[in-house]
Amino acid sequence: MRSSPTTRPVQPPSSHMLRLLFLCVAFLFLTVSEAVCNHQDQESLLWFSSNVSTSDSPLNWNPSIDCCSWEGITCDDSLNSHVTAISLSLRGLKGKLPVSVLQLHRLSQLNLSHNHLSGPLPLDFLSSLDQLTVPDLSYNSFTGPIPSFMCISSPQLSELDFSYNDFSGHIPRGLGRCLRLSVLRAGFNHLSGEIPRDIYNLPKLEKLVLPANHLIGRIDDDITQLRKLTCVELYSNKLEGDIPKDIGKLSSLQTLQLHTNNITGTLPLSLANCTNLVKLNLRKNCLEGTLLELDFSRLQSLSILDLGNNSFSGEIPWRVHSCKSLTAMRFASNMFTGQISPQVLELESLSFLSLSDNKLTNITGALRILQGCRNLSTLLIGKNFYNETFPSDRDLTYPDGFPNLRIFASGGSGLRGELPAWLIKLKSLAVLDLSQNQLVGSIPGWLGTLPHLFYIDLSDNLLSGELPKEFFQLKSLMSLKDYDATEKNNLKLPVYVHPNNFTTHHQYNQLSSLPPAIYIRRNNLKGSIPVEAGQLKALHALELSHNCLSGSIPDELSNLTNIERLDLSNNKLSGRIPWSLTRLHFMSYFNVANNTLQGPIPTGSQFDTFPRAHFEGNPLLFGGVLITSCHAPTQLPATTTNEEKLTRIFIVAVATGFVLTFALSILMLNCYNDMI
């Protein structure tokens, strides 16, 4: 009888076997997970690094370390890892784009934006990198033409950004082959010619951004085929012709910016079909007609509307008050007539309103209505209401009107009356422009109590009396700390100012960009310049020219350590120019012409650069830029002191004695010769 086999127990693996198994698995894991960067790609990157410099810390690309772990480098997951992305924005890179980049055949994303790279791009830049989808070369200094042959061998392109460079020439044809292109940015270059028509064949294009170039021609009607467009920015070019009448087919459009061109015609009624529109800017073109037929009520998403600087006429369209999302609206510099409608109060989010330079009437009614706009922070209504009377306190009885008003401009209208006391209620006011009116009376001292006021223009009025010292107690101008503490938010739309009577406008996108300034030129002010003016240490410009101010220039003005412009010309100021003003190292403009100043002109610092004309009209001034320091004034003093008289008598007596002695000596010598 055979005995049954006995079952042997399974022995657990020994600890030695477990260690060996663990090491094998770890080795396999490391072998797979730490794939080495492709050797050719690494050599191309090292060549790139050696041919660019950097103003910041250098690229720490160590050849002994796998290039897939280098700064800004991304590789794919293949065993022989290839470089697929380079991201080196804001690295201060300088030099030309090394051609070694073209050897990275798997490269799909290239971001070199916000550097200092220059020179032309390689001609085969786009044709060599056939895997490239998103090249971003914006904010550099590249020159020459944009490379052509797009999407012949690189059909994957989805986004192109060449903006903020120095590219020139025409936009290359062939973009129509980039069927996956969704974003095209090439603004702020020197591109010329027409927009290639094949761009309008791109079915996936969402953003067409080509502003600030020299593009000409019309906006082709075929643009309405790009049904996915959400953003069209073609402003600051030389485009002409009409806006396509079927623009309303672009129902996905959110941003349409065509300002600063030569576009003509009327505003297409189909624009009302762009119901997703958020921003519409057509400022500074040649558009005309009325706007009453356009159904603005369908544009419920519209937040920014700028139709300024055109030739629109008629009344301000009443349907625009149905755009409940409006935060900024500009109709300035057109030919609108009539009065401001109370319906504007329906725009509860409105913070920016510019209606200046039209033919509107009834300023009292306008301000009565607008003071109820609780969120209004910028109100520009100048060059309207011609020769009307500025409303007084009894005209505006709203107890808490304009609670958030920061900028108020009503200049250039020839308004009559005095500076109204209701302005003292505007505790948020930072900028006040009432220039070029016919305001009379004195400057009230309470203006100096407005805590945020830092820009005042009262020029070209009929103001009289003395400058009150209280006026120079403006808190926001007393120190840089107080000025910086004043809230200065971004503006919903830019404001355009032409200070110092310049014909060109200065554009300001932020409230903080406006210079801290006081302009009161061309009035009838008299008396002296208060010494308190020297307290405004944050002030950049002080202009008091063409008044009747007298007395001396206060030495305290040397405390205006941030002053850049000081104009005291065409007054009746006397005395000397304080030598301490040479300490004002930021002052680039100084004018005291046509006063009665006397004495030497200070020298050194900026005073050696000021033109001669800024000191002329002061007969007793000499030296400095007048180049008369060797000659005293021709006019002798009216009286002389006893000491000066005695000095002159002594000099005459000595001279006379010398002459007599010399003559007597000659006579004696002649007598001696005769005796011989």
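Higher on the page you've got the structure.
First, a word on scope: everything that follows refers to the structure included in this document. (Residues numbered from 1 in each chain as written. Predicted model: local features only at pLDDT ≥ 70, side-chain atom pairs only at ≥ 80, totals over all residues. Heavy atoms only, no water.)

1. What about the overall build of the protein chain?
Item 1. On a plain count of helices and strands, the protein chain comes out with six helices and 44 strands.
Item 2. Evaluated residue by residue, the protein chain yields a buried proportion of 48% over its 676 residues.
Item 3. Restricting the contact set of the protein chain to residue pairs at least 6 apart, pairs at least 24 apart contribute 57%.
Item 4. Carbon together with sulfur atoms contributes 55% to the accessible area of the protein chain, which is approximately 32,700 Å² in total. (Helix = DSSP H or I, 4+ residues; strand = E, 2+ residues; numbered from the N terminus. Buried < 20%, exposed > 50% of the residue type's maximum accessible area, 1.4 Å probe, protein only. Contact = heavy atoms within 4.5 Å. Areas by Shrake-Rupley, 256 points an atom, 1.4 Å probe, with all protein chains shown as cover.)

2. Here we look at empty space enclosed by the protein
Item 1. According to the stated counting rule, one finds three cavities of 30 Å³ or more in the structure shown.
Item 2. Estimates place the volume of the largest cavity at around 60 Å³.
Item 3. Forming the boundary of the largest cavity are Gln-371, Leu-396, Tyr-398, Gly-401, Phe-402, Trp-422, Lys-425 and Leu-426.
Item 4. A per-class count over the lining of the largest cavity returns five nonpolar, two polar and one charged.
Item 5. As for the second largest cavity, its lining consists of Ile-146, Met-150, Leu-160, Phe-162, Ile-171, Pro-172, Leu-175, Leu-184, Ala-186 and Leu-191.
Item 6. Considering only residue class, the lining of the second largest cavity consists of 10 nonpolar, no polar and no charged. (1 Å grid on protein atoms, 1.4 Å probe; cavity = no way out; pocket = protein on both sides within 12 Å on 5 of 7 lines; lining within 4 Å. Points joined across faces, edges and corners; volume = space filled by probe spheres on them. Nonpolar A, V, L, I, M, F, W, Y, C, P; charged D, E, K, R; others polar.)

3. Observations concerning the side chain of Asn-437
Item 1. Structurally, Asn-437 can be placed in the loop between strand E30 (431-433) and strand E31 (438-440).
Item 2. Judged by its relative accessible area of 6%, Asn-437 falls in the buried class.
Item 3. Engagement of the side chain of Asn-437 in a polar contact is seen with the backbone oxygen of Ser-410, the distance being 3.1 Å.
Item 4. Separated by 2.9 Å, the side chain of Asn-437 and the backbone nitrogen of Leu-415 make a polar contact. (Polar contact = N/O pair within 3.5 Å; in protein donor to acceptor, adjacent residues only side chain to side chain.)

4. Topic: the sheet that holds strand E33 (residues 464-466)
Item 1. The strand order across the open sheet built from six strands is E33-E37-E39-E41-E43-E44, with neighbouring strands paired in parallel fashion. Strand pairing shows two members of the sheet lacking a second neighbour, E33 and strand E44 (620-622), which therefore form its edges. Between one strand axis and the next, the sheet turns through 25° on average, direction left out of account.
Item 2. In terms of strand pairing, E33 meets strand E37 (residues 524-527) through three bridges, oriented parallel. Looking at the pairing, Ser-464 lines up with Asn-524 of E37. (Pairing = 2+ DSSP bridges. Axes fitted to C-alpha atoms, helices over the stretch in contact; angles between N-to-C directions.)

5. Points about the pattern of salt bridges
Item 1. This model, assessed by the stated rule, comprises 13 salt bridges.
Item 2. The partner of Asp-306 in a salt bridge is Arg-330, and the shortest N-O contact between them spans 2.9 Å. Of the two residues, Asp-306 is situated in strand E21 (residues 304-306) and Arg-330 in strand E23 (residues 328-330); the sequence distance between them amounts to 24 residues.
Item 3. You can call Asp-306 buried: its relative accessible area is 0%. (Salt bridge = Lys/Arg side-chain N within 4 Å of Asp/Glu carboxyl O.)

6. A word on the pairing of strand E39 (residues 548-551)
Item 1. Direction of pairing for E37 relative to E39: parallel, over a ladder of two bridges. The partner of Lys-526 across the bridge, within E39, is Cys-548.

7. Focus on the state of the cysteines
Item 1. Scanning the model with the defined rule gives two disulfides in all.
Item 2. In this model, Cys-37 is linked to Cys-67 through a disulfide, with the two sulfur atoms separated by 1.7 Å. Judged by the torsion about the S-S bond (65°), the Cys-37/Cys-67 disulfide is right-handed. On the criterion of sequence distance, the pair formed by Cys-37 in the loop between helix H1 (15-33) and helix H2 (39-50) and Cys-67 in the loop between strand E1 (53-54) and strand E2 (73-75) is long-range, its members being 30 residues apart. A single burial state applies to Cys-37 and to Cys-67, both of which are buried.
Item 3. A disulfide bridge connects Cys-68 with Cys-75, and the sulfur atoms are separated by 2.1 Å. When the S-S torsion is -100°, as for the bridge of Cys-68 with Cys-75, the disulfide is left-handed.
Item 4. Accessibility expressed as a relative area gives 15% for Cys-75, which makes it buried. (Disulfide = S-S within 2.5 Å.)

8. Re the packing of aromatic side chains
Item 1. Tallying each qualifying case throughout the model produces 16 aromatic pairs.
Item 2. Summarising the aromatic geometry, the rings of Tyr-139 and Tyr-164 are spaced 4.2 Å apart at their centres and angled 10° between planes, so their arrangement reads as stacked. On the criterion of sequence distance, the pair formed by Tyr-139 in the loop between strand E7 (134-136) and strand E8 (141-144) and Tyr-164 in the loop between strand E9 (159-161) and strand E10 (166-170) is long-range, its members being 25 residues apart.
Item 3. Overall, Tyr-139 belongs to the partly exposed group, its relative accessible area being 36%. (Phe/Tyr/Trp six-rings, centres within 6.5 Å; stacked < 30°, edge-to-face > 60°.)

9. Quick look at the pairing of strand E24 (residues 335-338)
Along any regular strand, the residues point their side chains to alternate faces of the sheet.
Item 1. Where strand E22 (residues 311-315) and E24 come together, three bridges link them in parallel fashion. When the sheet's bridge partners are listed, Ser-313 is paired in E24 with Met-335.
Item 2. Sheet topology places E24 next to strand E26 (residues 359-360); two bridges connect them, and they run parallel. Note on E26: the bridge partner recorded for Gly-338 is Leu-360.

10. Examining the layout of surface pockets
One way to see where empty space is left: roll a probe the size of a water molecule over the atoms.
Item 1. Its boundaries defined by the atoms lining it, the largest pocket holds a volume of some 860 Å³.
Item 2. Around the largest pocket sit 38 residues that line it, and Ser-356, Tyr-496, Val-497, His-498 and His-505 are the ones nearest its centre.
Item 3. Breaking the lining of the largest pocket down by element, the ones donating at least two residues are strand E28 (407-409), E30, strand E32 (455-457) and strand E34 (490-497).
Item 4. Here the element with the most residues in the lining of the largest pocket is E34; it accounts for four residues.
Item 5. Classifying every residue of the lining of the largest pocket gives 13 nonpolar, 16 polar and nine charged.
Item 6. Along its surface, the second largest pocket is lined by 18 residues, and Tyr-235, Gln-257, His-259, Lys-279 and Pro-494 are the ones closest to its centre.
Item 7. Only strand E19 (279-281), E34 and strand E35 (506-510) provide two or more residues apiece to the lining of the second largest pocket.
Item 8. Of the residues in the lining of the second largest pocket, the class split is seven nonpolar, six polar and five charged.

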